[in-house]
Amino acid sequence: MSLIELLDESLQGRKDAIGLEFGDRTYTFGESDSRSNRLAQFLIREGFEPGDRLCVYLANCVEMIDLYLACAKAGIIFVPINILYREREISHILHDAQPRALVSDDPALGGWTRRDLETGMQTSPDVRPALHIDGSSPVGIIYTSGTTGTSKGALLSHNNFAANTRNLVTAWQFTSNDRLLLALPLFHVHGLGNGVHCWLASGCRMRLLERFQHQTIRDTFLDFRPTVFFGVPTMYVRLLDFDANSAREIGAFMRLFVSGSAPLPAAVLEQFRDLFGHTILERYGMSETLMNMSNPYVGERRAGTVGFPLPGVEARLLNGELYLRGPNVFSGYWRREDATRAAFVDGFFRTGDMATCSADGYYTLSGRKSDLIISGGFNIYPREIEEFLQTLPEIAEAAVVGAADPLRGEVPVAYVVPQSPLDEAAILARCRDAMASFKVPRKIMEVEKLPRNALGKIQKHLL
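Residues numbered from 1 in each chain as written. Predicted model: local features only at pLDDT ≥ 70, side-chain atom pairs only at ≥ 80, totals over all residues. Heavy atoms only, no water.

Trainee: Go over the sheet that holds strand S12 (residues 281-286) with me, naming the residues and quoting the values.
Mentor: Overall, mixed pairing links the nine strands, which are arranged S2-S1-S9-S8-S10-S11-S12-S13-S14 in an open sheet. Among the strands making up the open sheet, the edge pair consists of strand S2 (25-28) and strand S14 (308-309). Both strand S8 (residues 179-182) and strand S10 (residues 228-231) contribute to a ladder of three bridges, which runs parallel. Along S10, the bridge assignment pairs Leu 182 with Phe 230. On the sheet, helix H2 (residues 29-45) packs against strand S1 (18-22) and S2 and is oriented at approximately 80° with respect to S2. (Pairing = 2+ DSSP bridges. Helix = DSSP H or I, 4+ residues; strand = E, 2+ residues; numbered from the N terminus. Contact = heavy atoms within 4.5 Å. Axes fitted to C-alpha atoms, helices over the stretch in contact; angles between N-to-C directions.)

Trainee: Kindly report on the sheet that holds strand S24 (residues 409-418), identifying the contributing residues and their values.
Mentor: The strand order S23-S24-S25 describes an open sheet built from three strands, whose pairing is mixed. Edge strands, defined here as strands with exactly one partner in the open sheet, are strand S23 (395-405) and strand S25 (443-446). Strand-to-strand twist in this sheet, taken as the mean axis angle between neighbours without regard to direction, amounts to 30°. As paired elements, S23 and S24 share 10 bridges and run antiparallel to each other. Among the inter-strand pairings, Asp 405 is bridged to a residue of S24, identified as Gly 409. Contacts from helix H13 (residues 382-389) reach S23 and S24 within the one sheet, and its direction differs from that of S23 by about 145°.

Trainee: Break down the packing of aromatic side chains for me, with residues and values.
Mentor: In total, this model carries 24 aromatic pairs according to the counting rule given. Plain terms: the ring middles of Phe 221 and Phe 242 are 6.4 Å apart, the flat faces sit at 80° to each other, and that makes the pair edge-to-face. Of this pair, Phe 221 sits in helix H8 (residues 217-224) while Phe 242 sits in the loop between helix H9 (233-239) and helix H10 (244-253); the two residues are 21 residues apart in sequence, bridging distant segments of the chain. You can call Phe 221 buried: its relative accessible area is 1%. Ring centres 6.4 Å apart and planes at 40° place the aromatic pair Phe 221 and Phe 257 in the tilted group. With Phe 221 in helix H8 and Phe 257 in strand S11 (residues 256-259), the pair connects residues that are 36 residues apart, well separated along the chain. Looking at Phe 257, the relative accessible area reads 1%, which means it is buried. Pairwise contacts between aromatic rings join Phe 221, Phe 229, Tyr 236, Phe 242, Phe 257, Phe 272 and Phe 276 into one cluster. Lying over the aromatic face of Tyr 333, Lys 152 brings its terminal NZ or CZ to 4.8 Å of the ring centre. Directly above the aromatic system of Tyr 362 lies the positively charged group of Arg 302, at a separation of 3.8 Å from the ring centroid. (Phe/Tyr/Trp six-rings, centres within 6.5 Å; stacked < 30°, edge-to-face > 60°. Buried < 20%, exposed > 50% of the residue type's maximum accessible area, 1.4 Å probe, protein only. Lys NZ or Arg CZ within 6 Å of the ring centre and 35° of its normal.)

Trainee: Which residues make up the environment of Ala 355, and what values go with them?
Mentor: Mapped onto the fold, Ala 355 is located in strand S19 (residues 348-357). Given the relative accessible area of 6%, Ala 355 is considered buried. Sequence separation of Ala 355 and Arg 316 is 39 residues, and the distance between their C-alpha atoms is 9.8 Å. What Ala 355 contacts, discounting residues up to four positions off in sequence, is Leu 317, Gly 320, Leu 322, Thr 364, Leu 365 and Ser 366.

Trainee: How would you explain the nonpolar core if you had to name every residue and give the values?
Mentor: One finds Leu 54 and Leu 389 to be the most contacted residues of the largest nonpolar core, which totals 144 residues. Setting aside residues up to four positions removed in sequence, Leu 389 forms contacts with Ile 395, Ala 398, Val 400, Ala 414, Val 416, Ile 427 and Cys 431. (Core = buried A, V, L, I, M, F, W, Y, C linked by side-chain atoms within 4.5 Å.)

Trainee: Residue-level account of the packing of helix H3 (residues 62-74) against helix H7 (residues 189-202), with values.
Mentor: Running from amino to carboxyl end, H3 crosses H7 at an angle of 80°, the nearest separation of the two axes being 13 Å. Looking at the two axes, H3 sits roughly perpendicular to H7. Listed contacts from H7 to Ile 65, Tyr 68 and Leu 69 of H3 are Leu 192, Val 196, His 197, Trp 199 and Leu 200. Residue classes in the contact of H3 with H7 are distributed as seven nonpolar, one polar and no charged. (Parallel < 35°, antiparallel > 145°, perpendicular 65-115°, else oblique. Nonpolar A, V, L, I, M, F, W, Y, C, P; charged D, E, K, R; others polar.)

If you want it as structure tokens, here you go:
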């Protein structure tokens, strides 16, 4: 069974109902089905075959959803690229994924634009490809940073997304009466894997935003009057700025706030509950596994925990590290056999997350086995930043660590040993040109030497 067959309850079963809002336009489920049929036929006409990759570098837009569904219908592998990535990072993904085409509105990157897609739709038939797609077939490659400093592509199947979708719609009690406000980026599994799939599988109405803007989000809540909101901790910190009257009004029509992609501070959960009258539901997922655990919809949502394993998900703790197995877990990394072998032990995926489990089954994450920094929901591996800094002639050595930040959770800070006099502003400017904004160090700290142990390994905890 392909993912599309699961989503057809809305795409075809509710074809006349309005399902999507974006900007000043609305779209019925039938229109989404038709647009993606036409795009699938356009891709096939352009030479795409099952298993080919399509890279997509776009901010949130209707075309991104259309392309994803088109790829799922035509057996093509959808490869979203973080819109904050710069040329160096994009080039790595394009070289690794080897797509047949790229869709982007950036003229410097070339490829098809959204205008090209609209032209392609207009000249293509509204016919779904006559193709049998097995559930184990890949539907997406989601690139996630690795400890080697370069992104690895997690290969996710129709079955992975379908299992995740069924779990979340059931666990979080989605129905067609819901109204989902989605401000998360669709290049991330939080927005795509959770948001888009819960919307389509439940048949609810979704308003998609191009991005989260704290200046206007209060008015958006009051205008759309959603019942469900998915966010990252940084967004919830911003929502705490709402006045008490607005927060109470929003709390009255909302039924569920979900947080993920980074740890939610217990203080934020408590302040939010006092202001909005809702306890945020925290859950735990990864690019490689989609969603693994969730606090209960009915029952205690325990601050600081990620709740229980979702149905079908098995969890083990070995020497404090969390291992997972289930239908949600990916098959491996794209063209990285060594990395795939290293990621699995006896069929269980090694998450690299350290965790504990209470006597009554609640899991609590206690940090990364590696030195991962999570900033505003985005993963940052210090080695990638360190390697770039050490290409600069004025820097001899560099070490990057995470520093606590009240808004983003953590931010990267670089400690550097100079080779020659440093200009911090110039170094940060070069970082901004070379990498996504969330990876740019907040500070450059100059030190005489980096602390090392007897084996020469840098002792980052001392920084």
